Amino acid sequence: MNRFCRSILWASLALFVPAWATAARGADPIPQASGSFAGKKWNFEAKGAYAFPGKVGLNDEQGILVAVSNVPFSATMLDTIWDRRNMIDTYFRDDETLVVYFQFSKDAKYKGLSYFFESGDGCGFCYNGATKSSVKHTQGRLKGRLQLAKQKDDVFFDVAVDVPVAMSDYGKPLAADGGEPGKVYAALHRALDGNESAALAPIVVERLAVQLEKSGDDVLAVLQEQHPTKSYRIIKGFAQGDRALLVVEGETATINVKTEVHLLREHGEWRFADEVLQVRFAE
């Protein structure tokens with residue numbers, strides 16, 4: 001089952017929690033990207049771009065990744081995410097939504113690219129010295145053009161981007177235990193561990209509480225799939241306005257996992273909004 005089908009399956013439970021495939025899509029007032037990219041088998045017209053801090057090049061130095069796609073990105077949503085690349089790869093990219101990551105140093109020097117469309121059409125990391133780049137990093141934006149002429153069966157592209165670089169500031173650091181948001185997460189853990197769907201209602205956002213009334217057992221099952229059900233430890237947490245983020249390590253019954261947890265303040269109280277189970281984080 002591809003990623004798009006998985007997101008539709010989750011959405012069929014009427015939960016907003018896993019609907020990232022829809023939420024991550026959207027357009028900024030300024031067109032994010034234009035031009036085209038051609039892999040060995042697939043090609044697309046560029047319509048979306050999203051730039052964010054990440055590890056680049058062969059030495060994993062800190063730089064800037066620019067995801068370019070045939071579908072626009074919602075920067076407003078993605079800016080709140082801890083591991084943006086995981087979110088794009090897991091809930092945005094699918095069999096019809098193609099994504100290429102162009103890699104740059106902090107001062108916008110082109111470092112290479114990576115992508116995966118299908119078996120035989122992808123590259124974990126590629127660099128071609130013939131690539132021409134006019135991309136510059138000024139006033140918090142990456143703007144410019146990348147060009148690589150066609151060479152036999154290799155990739156070729158002519159892509160222009162104009163996007164802000166996402167900040168890596170997620171707000172004020174929380175206490176080691178996650179503070180008040182951490183207490184909400186602890187209550188969520190107890191409810192999921194005890195299979196108590198009724199105990200979830202006071203600690204989840206309103207949209208999710210509505211679904212609990214309709215299909216509590218289904219909601220409980222979905223949340224358990226995204227949760228380290230055996231044990232967990234809060235690594236760090238941040239709060240900014242009415243949003244809070246917890247970075248968590250833990251265990252399910254079978255594996256060690258990492259996850260990011262999103263909470264919203266509704267009616268003056270922190271409520272659980274979403275948990276995204278994953279095994280890799282971008283720092």
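Keep in mind that what you see is a predicted model, and the values were worked out from it rather than measured.

J.: What is the right way to read the overall build of the protein chain from this model?
T.: Assigned secondary structure in the protein chain consists of 6 helices and 16 strands. Looking at the protein chain as a whole, 51% of its 283 residues qualify as buried. Taking the contacts inside the protein chain whose residues are at least 6 apart along the sequence as the reference set, 56% of them involve residues at least 24 apart. Accessible surface for the protein chain amounts to roughly 13900 Å². Of this, 51% is attributable to carbon and sulfur atoms.

J.: Explain unusual backbone geometry here, please?
T.: Negative phi is the rule for most residues except glycine; trans is the rule for most peptide bonds. In the Ramachandran plot, Ala108 falls in the positive-phi region, its phi being about 75° despite a non-glycine side chain. Phi at His267 is positive, roughly 55°, even though this residue is not glycine. For His267, the location among the structural elements is in the loop between strand E15 (256-266) and strand E16 (269-278).

J.: I would appreciate a short explanation of the pairing of strand E13 (residues 231-240) in the present structure.
T.: Looking along a regular strand, one sees side chains alternate from face to face of the sheet. By the bridge criterion, 2 bridges tie strand E12 (residues 172-173) to E13 in an arrangement that is antiparallel. Residue pairing for E13: Lys172 is matched across the bridge by Ala239. Linking two consecutive strands that pair antiparallel, namely E13 and strand E14 (residues 243-251), is a turn of 2 residues; a positive phi of about 65° is found at Gly241 within it.

J.: What am I meant to see in the sheet that holds strand E5 (residues 99-105) here?
T.: Across the sheet, 5 strands lie side by side as E3-E4-E5-E6-E7; this open sheet has antiparallel pairing. Of all the strands in the sheet, just strand E3 (48-56) and strand E7 (121-126) have a single pairing partner and so form its edges. Ignoring which end each strand starts from, the neighbouring axes of this sheet average 25° apart. As judged from the 7 bridges shared by strand E4 (residues 61-69) and E5, these two strands associate in the antiparallel manner. Its bridge partner lying in E5, Ala67 is registered against Tyr101. Those strands touched by helix H4 (residues 84-92) are E3, E4, E5 and strand E6 (110-118), and its axis lies near 135° from that of E3.

J.: Explain the nonpolar core here, please?
T.: What tends to happen in soluble globular proteins is that the nonpolar side chains get buried as a cluster. Residues Phe37, Val66, Val68, Phe102, Phe104, Leu142 and Phe157 are the most contacted members of the largest nonpolar core, which totals 29 residues. Only strand E1 (33-38), E3, E4, E5, E6, strand E10 (141-148) and strand E11 (156-164) provide two or more residues apiece to this core. Among all residues touching Phe157, those that are not within four sequence positions of it are Ser36, Phe37, Phe102, Tyr110, Leu113, Thr131, Leu146, Gln147 and Leu148. Listed in part, the 27 residues of the second largest apolar core include Val184, Tyr185, Leu246 and Leu264.

J.: Where do I start with the packing of aromatic side chains in this structure?
T.: In this description, a pair of aromatic rings is defined by centroid distance and the angle of the planes. Applying the stated rule across the entire model yields 17 aromatic pairs. When the centroid spacing of 5.7 Å and the interplanar angle of 25° are considered together, the rings of Tyr50 and Phe52 count as stacked. An identical accessibility class is assigned to Tyr50 and Phe52; each is buried. Between Tyr185 and Tyr232 the ring centres are 4.9 Å apart and the planes differ by 80°, which places this aromatic pair in the edge-to-face class. Residue Tyr185 is found in helix H5 (residues 179-193), and its partner Tyr232 is found in strand E13; the two are separated by 47 residues along the sequence. Judged by relative accessible area, Tyr185 falls into the buried class, the value being 0%. These aromatic residues form a ring-pair network of at least three members: Phe37, Phe44, Phe102, Tyr115, Phe117 and Phe157. Taking NZ or CZ as reference, Arg85 lies 4.0 Å from the ring centre of Tyr101, over its face.

Calculation criteria
- Residues numbered from 1 in each chain as written.
- Predicted model: local features only at pLDDT ≥ 70, side-chain atom pairs only at ≥ 80, totals over all residues.
- Heavy atoms only, no water.
- Helix = DSSP H or I, 4+ residues; strand = E, 2+ residues; numbered from the N terminus.
- Buried < 20%, exposed > 50% of the residue type's maximum accessible area, 1.4 Å probe, protein only.
- Contact = heavy atoms within 4.5 Å.
- Areas by Shrake-Rupley, 256 points an atom, 1.4 Å probe, with all protein chains shown as cover.
- Pairing = 2+ DSSP bridges.
- Axes fitted to C-alpha atoms, helices over the stretch in contact; angles between N-to-C directions.
- Core = buried A, V, L, I, M, F, W, Y, C linked by side-chain atoms within 4.5 Å.
- Phe/Tyr/Trp six-rings, centres within 6.5 Å; stacked < 30°, edge-to-face > 60°.
- Lys NZ or Arg CZ within 6 Å of the ring centre and 35° of its normal.

Geometric values such as these leave the question of function open.
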